[in-house]
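Listed below, chain by chain, are the residues.
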Amino acid sequence: KIKITAYISANCSLCKKVVIPLHMAVTKGPIEKKAILYLKPILPNISNMALIAAQKMGKFWEYYHSLEKEKRRLNEKILLSKAKKLKLPLKEFKKMLYYEENKKLLQSYKAEAIKNGVEVTPTLFINNRRYSSYKNPQWIIDLVEYKYEKVK
């Protein structure tokens, strides 16, 4: 499978415009059996901490998709309301927003991103090579299909 790694921020609207269609393409679309998508939030802020909390509760993608239409800066109240709608245990979720372990994970993603020359989100790597064309999901899907056919 082709490996797509996306360095993102939960607050970044462009990240959502690029990554959500990519997620759909790798789970139910044209590159379903051809690629795997990894998301790495790179700032240790509350919105990214919420993504890690949702991931640890087995609802990462559902939670990320729930943020799709949010245009305002995410705060604890918004993040908790999203968790509630997904029926995540709120008391545990709220604690996880501030877990030091989760913060360290985000700091490790940030260090990795810096090492890889990432300066903005979203930044994508396809098979560990930086993708530097348009941040358009269809272009990325087309490239993955091309690379898949090339290595097949």
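The structure under discussion appears in the preceding block.
Asks: Lay out the side chain of Lys-40 in plain terms, naming residues and giving numbers.
Replies: In this structure, Lys-40 sits in strand β2 (residues 35-41). A relative accessible area of 18% means that Lys-40 is categorised as buried. Sequence-distant contacts of Lys-40, defined by excluding residues within four places in its chain, comprise Thr-5, Ala-6, Tyr-7, Ile-8, Tyr-109 and Glu-112.

Asks: Give me the lowdown on the sheet that holds β2, citing residues and values where you can.
Replies: Read across the open sheet, the four strands follow the order β2-β1-β3-β4; overall the sheet is mixed. Because the sheet does not close on itself, it has two edges, and the strands there are β2 and β4 (129-130). With seven bridges connecting them, strand β1 (residues 2-8) and β2 associate as parallel partners. By the bridge assignment, Ile-2 is partnered in β2 with Ala-35.

Asks: Give me the packing of helix α1 (residues 13-28) against helix α7 (residues 137-151): which residues, what numbers.
Replies: At a closest axis distance of 9 Å, the pairing of α1 and α7 adopts a crossing angle of 40 degrees. Relative to α7, the element α1 lies oblique. Crossing angle aside, the handedness with which α1 passes α7 is right-handed. On α7, the residues touching Lys-17, Val-18, Pro-21, Leu-22 and Ala-25 of α1 are Pro-137, Ile-140 and Ile-141. Partitioning the contact of α1 with α7 into residue classes produces seven nonpolar, no polar and one charged.

Quick notes on the rules
- Residues numbered from 1 in each chain as written.
- Predicted model: local features only at pLDDT ≥ 70, side-chain atom pairs only at ≥ 80, totals over all residues.
- Heavy atoms only, no water.
- Helix = DSSP H or I, 4+ residues; strand = E, 2+ residues; numbered from the N terminus.
- Buried < 20%, exposed > 50% of the residue type's maximum accessible area, 1.4 Å probe, protein only.
- Contact = heavy atoms within 4.5 Å.
- Pairing = 2+ DSSP bridges.
- Axes fitted to C-alpha atoms, helices over the stretch in contact; angles between N-to-C directions.
- Parallel < 35°, antiparallel > 145°, perpendicular 65-115°, else oblique.
- Left-handed = near helix turned anticlockwise from the far one by under 90°.
- Nonpolar A, V, L, I, M, F, W, Y, C, P; charged D, E, K, R; others polar.

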